[in-house]
Amino acid sequence: MEIVLKEKIKEAVKIIYNSDVTDELIQIQETRKDFKGDFTLVVFPLLRFSKNTPEKTGETIGNYLVDRFPSVSGFNVIKGFLNLEISDNWWVAYFEKMVSEKSHLENCQVEVAETILVEYSSPNTNKPLHLGHIRNNLLGNSLYRILSATGHNVVKTNIVNDRGIHICKSMVAWQNFGKGETPQSSGMKGDHLVGKYYVLFEKEYRAEIEKLVQAGTGEEEAKNSAPLMKATREMLLKWEAGDIEVVELWKLMNSWVYAGFDVTYKKLGVDFDKIYYESDTYKVGKDIVLSALKDNILYRNDDSSIWADLTPDGLDQKLLLRSDGTAVYMTQDLGTAVDRFNEFRFDKNIYVVGNEQNYHFQVLKALLKRMGYPWADGLIHFSYGMVELPEGRMKSREGTIVDADDLIEEMQETARVVSLELGKLSDFSEEEKEDIFRKIGLGALKYYILKVDPRKNMTFNPAESIDFNGNTGPFIQYTYARIKSVFRKAEQMGITPDATILIEAKIGIKEIELIKLLRKFSETVSIAAASYSPAVIANYCYELAREFNQFYHDYSILGEEDQAIRNFRLVLSKLTSEILFTGMGLLGIEMPERM
RNA sequence: GGUUCCGUAGCUCAGUUGGAUAGAGCAACAGCCUUCUAAGCUGUGGGUCGAGCGUUCGAGUCGCUCCGGAAUCACCA
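Residues numbered from 1 in each chain as written. Chains lettered and ligands numbered in written order. Predicted model: local features only at pLDDT ≥ 70, side-chain atom pairs only at ≥ 80, totals over all residues. Heavy atoms only, no water.

(A) Main features of the domain arrangement of chain A. Annotation of chain A at the domain level lists domain 1 (2–86), domain 2 (120–388) and domain 3 (404–585). Listed as interface residues are 30 residues of domain 2 and, on the opposing side, 25 residues of domain 3. Taking both sides of the interface into account, the surface hidden between domain 2 and domain 3 amounts to around 2400 Å²; carbon and sulfur atoms contribute 66%. Put simply, domain 2 and domain 3 have two salt bridges between them. Of the charged contacts, one joins lysine 189 and aspartate 405 as a salt bridge, the two residues approaching to 2.7 Å between their closest N and O atoms. There are 14 residue pairs in polar contact (both at pLDDT 80 or more) connecting domain 2 and domain 3. Going through the elements one at a time, helix H5 (131–149), helix H8 (190–214), helix H11 (244–268), strand E11 (348–354), strand E12 (379–384) and strand E13 (387–388) are the ones with two or more residues in the side of domain 2 that touches domain 3. The element that contributes the greatest number of residues to the side of domain 2 that touches domain 3 is H5, accounting for 10 residues. (Domains from an automatic or database assignment. Contact = heavy atoms within 4.5 Å. Buried area = accessible area lost by both parts, 1.4 Å probe. Salt bridge = Lys/Arg side-chain N within 4 Å of Asp/Glu carboxyl O. Polar contact = N/O pair within 3.5 Å; in protein donor to acceptor, adjacent residues only side chain to side chain. Helix = DSSP H or I, 4+ residues; strand = E, 2+ residues; numbered from the N terminus.)

(B) Structural detail: the protein's contact with RNA strand B. Not every one of the 66 residues close to RNA strand B is listed here, only the nearest: Asp303, Lys424, Tyr478, Arg482 and Tyr555. Taken together, the sugar and phosphate atoms account for 62% of what RNA strand B places within 4 Å of the protein. Within the side chain of aspartate 316, a nitrogen or oxygen atom sits 3.0 Å from a sugar or linking oxygen of RNA strand B. Arginine 482 has a polar side-chain atom sitting 2.4 Å from a phosphate oxygen of RNA strand B. Counting residues per element, the ones that place at least two in the surface near RNA strand B are strand E1 (27–30), strand E2 (39–42), strand E4 (81–86), helix H6 (165–177), helix H15 (404–422), strand E14 (458–459), helix H17 (473–492) and helix H20 (534–554). Per-element accounting of the surface near RNA strand B gives the leading share, seven residues, to H17. (Near = heavy atom within 4 Å.)

(C) Spatial organisation of the nonpolar core. Leu298, Leu367 and Ile476 are the most contacted members of the largest nonpolar core, which totals 185 residues. In terms of residues, this core owes the most to one element, helix H21 (residues 563–586), which gives 11 residues. Beyond its immediate stretch of four places on either side in the chain, isoleucine 476 contacts Tyr447, Ala538, Cys541, Tyr542, Ala545, Leu580, Met584 and Met591. (Core = buried A, V, L, I, M, F, W, Y, C linked by side-chain atoms within 4.5 Å. Buried < 20%, exposed > 50% of the residue type's maximum accessible area, 1.4 Å probe, protein only.)

The following block contains the structure:
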């Protein structure tokens, strides 16, 4: 409609003022709710042609449109804004077209489908997942869904940080203090068990440092010479050398962690097409670094560590291999990127990684370009904000880490309590009830996280549990369940919606408002895909649900006597439920049929 | 100190390329269930959009300066 209006206005300016206008001067937007009308032309930019007041210009163009364009049923001019009213018929016809479309995603398909890798999750195998990882997983997974929905060929990847000095820490701690404890013997989830030893390492390590400092050793010296740290460094060297005993222990402890992660991933509803392990890719990275050294792209320091000089790129010196020859984080990321390109020939490689690593990705891209990989341009750091507590960052030392498994459990528990209180599910089996609690609890959590602009830091207050009223996941799920309920009732009454006889119905204001919102769905998905923002879809779904609830409150659907109107409202409700289902599906949120 | 990001109602957040009187939810208060699910709907109060200057017919949005906060600049990941 906007496009047609633009053409008509162009034509009007041509005929009335004898001038050619460029598209960007014709600004059409939706009319604000407090004014009468559907679309608004901002007339200020056209004053240079009309050489008249904004009011006169608006009126002249308005008159022209009403005379020549039957879909424009009326207009009003307020200040420099020409508010155009579109006829009900046009809206109903448009609605009919929407209903007839096979898929609600039909209109947001990209012209050129790209191969896009989305890397998300990226856990360390030394501790369990926490709230920060939840944001990462939900964003990454939703991004995958959104990009796929617009027609791209998307591959979900995960890089597991399964090697490195931090992994050795939990291994050393387990060796020294573990007494052979296993997930089976302790009854602990594997990732939590390994995490326990990582925490223990830090504790014991600090104690050692303190002892040394008190004995007169310097702080730095103490950190380096503490027996636990020495043991850890030795273990890393042994690991890189392939020492059998170390590798076996490493495999064993990692297997515990993976079993634990799998449970959490499953609960969150995320998965991966291809999992990379740094224990594989760091070697590729090392080779790349060494060959770049040969080509004089890198340099070797006196202590034989290897560096890149990125000062010409406005960056710094960057270490790529330690003096003892072991790899750092950057080394393996180089390897992973090259590995991936060789396997997938991606157009884009999106890293869902927190904004604390902005610098890292700048360096990674600069390095790859320096090394002559032109595809490095396709590397995109999807930099999302941290999840903070009211008092600031989560800190393991202060025990403020919000554990992922605990949080998911709490959410389901809250859903259970609220649902049982409302008591609408009494005729369900225990199993069915649990499934609904799960959907609601996770819906609340996922929506809470995803409705926020991913780029921004967000605050989570553990003291206030996540809400189930207002702008929340359960609110939208509830709206959906309500519509489903209407349809169950309609079936009982022997009424089936008929999408082919809509035009006979007279429609009201709320109904047009709903149609307007439904119409914006595909555009919203396109914007979300282009801006990598699930939040855009979350907020859209909320707006749609709110609008529907108003309609639902103000109008009777099945109680309507006029059959054409009743049918229209049924079809309208049906489309709303489908859009809500699809939209929330892009966020990875399931919808219960009843709640 | 350098670089980057952020500052919108008491709290948590929206605010497409600059457009009209800046919006939601939570919390508070007041209403609405003999009628399709009240996890809902309606209303009231609550704002110098961190501050200032500039560009513009028009700035929460763009530019500059300052204030406040965060991240990063590791032989950590």
